[in-house]
Amino acid sequence: MSVAPDVISKTVAAAGTRVQFTTTGTPVRWAKFRARAGNGGKIYLGDNGVSSSNGYELNASETLEVELPDGVVFDLSQFWTDSGANGDKVDVFFMREGV
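Summarised in this report is the structure supplied together with it.

Things to note about the overall build of the protein
Piece 1. Along the backbone of the protein there are zero helices and nine strands.
Piece 2. Each helix and strand of the protein, ordered N terminal to C terminal, gives the series β-β-β-β-β-β-β-β-β.
Piece 3. In terms of C-alpha radius of gyration, the protein reaches 13 Å, essentially the compact-globule figure of 13 Å for 99 residues.
Piece 4. Projected onto its principal axes, the C-alpha coordinates of the protein cover approximately 40 × 25 × 20 Å.
Piece 5. For the protein, long-range pairs separated by at least 24 residues make up 84% of all intrachain contacts whose partners lie at least 6 apart in sequence.
Piece 6. Just so you have it, the protein exposes about 5,200 Å², and 48% of that area is on carbon and sulfur atoms.
Piece 7. Placing the 9 positive and 12 negative side-chain charges of the protein at their respective mean positions leaves the two points 6 Å apart.

So this is what it looks like as structure tokens:
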């Protein structure tokens, strides 16, 4: 199976308003989430229940890497983000499966 690198950047315009990384089914085996250095608050990662007070927390410049074994994938459209400050940004670099 082939893979291709890709990146998605998201801005949370209003803290407390979760944002979906993508609405398109995106099977990936590896992803690295990075909170931007200039963020004023924490970034929160999770499913559609994430909020500005719950989820996996990333401070500015911190990363979270998710890697699954060969043959196992997750759908990036199931990941959401929120933030503790208006306008905070998060990037996700990933390897898209089946390209």
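A few points about the side chain of N39
Piece 1. Structurally, N39 is set in the loop between strand 3 (27–35) and strand 4 (43–46).
Piece 2. Of note is the side chain of N39, whose polar atom sits 2.8 Å from the backbone oxygen of K89.
Piece 3. Those residues in contact with N39, other than ones at most four positions away along the chain, are A60, D88 and K89.

With respect to the packing of aromatic side chains
Piece 1. Considering all chains together, one arrives at four aromatic pairs under this definition.
Piece 2. With centroids separated by 5.3 Å and ring planes inclined at 50°, the aromatic side chains of F74 and F79 adopt a geometry described as tilted.
Piece 3. Classification of F74 by relative accessible area gives buried; the value is 13%.
Piece 4. Following the ring pairs from residue to residue traces out a cluster consisting of F21, F33, F74 and F79.
Piece 5. In this structure, R18 packs its charged tip against the face of W80, placed 5.6 Å from the ring centre.

Some points on unusual backbone geometry
Piece 1. With a phi close to 75°, S61 is a non-glycine residue in the positive phi region.
Piece 2. Here S61 shows up in the loop between strand 5 (56–58) and strand 6 (63–67).
Piece 3. The partly exposed category is assigned to S61, whose relative accessible area is 45%.

Quick look at the sheet that holds strand 2 (residues 19–20)
Consider a sheet: its strands pair through backbone hydrogen bonds, and that pairing is either parallel or antiparallel.
Piece 1. The four strands are arranged 2-8-4-5 in an open sheet whose pairing can be described as antiparallel. Lying at the two open borders of the sheet, with one neighbouring strand each, are strand 2 and strand 5.
Piece 2. Across two bridges, strand 2 lies against strand 8 (residues 80–83) in antiparallel orientation. Opposite V19, over in strand 8, you have T81 as the bridge partner.

Considering the nonpolar core
Piece 1. Within the largest apolar cluster, 17 residues are counted, with the highest numbers of intra-cluster contacts made by F21, F33, L76 and V92.
Piece 2. If you list the elements that add at least two residues to this core, you get strand 3, strand 4, strand 6 and strand 9 (88–97).
Piece 3. With four residues, the single largest contributor to this core is strand 3.

Reading the values: the criteria
- Residues numbered from 1 in each chain as written.
- Predicted model: local features only at pLDDT ≥ 70, side-chain atom pairs only at ≥ 80, totals over all residues.
- Heavy atoms only, no water.
- Helix = DSSP H or I, 4+ residues; strand = E, 2+ residues; numbered from the N terminus.
- Rg over C-alpha atoms; globule rule 2.2 N^0.38 Å.
- Contact = heavy atoms within 4.5 Å.
- Areas by Shrake-Rupley, 256 points an atom, 1.4 Å probe, with all protein chains shown as cover.
- Lys, Arg positive; Asp, Glu negative; His and termini not counted.
- Charge placed at Lys NZ, Arg CZ, Asp CG, Glu CD.
- Polar contact = N/O pair within 3.5 Å; in protein donor to acceptor, adjacent residues only side chain to side chain.
- Phe/Tyr/Trp six-rings, centres within 6.5 Å; stacked < 30°, edge-to-face > 60°.
- Buried < 20%, exposed > 50% of the residue type's maximum accessible area, 1.4 Å probe, protein only.
- Lys NZ or Arg CZ within 6 Å of the ring centre and 35° of its normal.
- Pairing = 2+ DSSP bridges.
- Core = buried A, V, L, I, M, F, W, Y, C linked by side-chain atoms within 4.5 Å.

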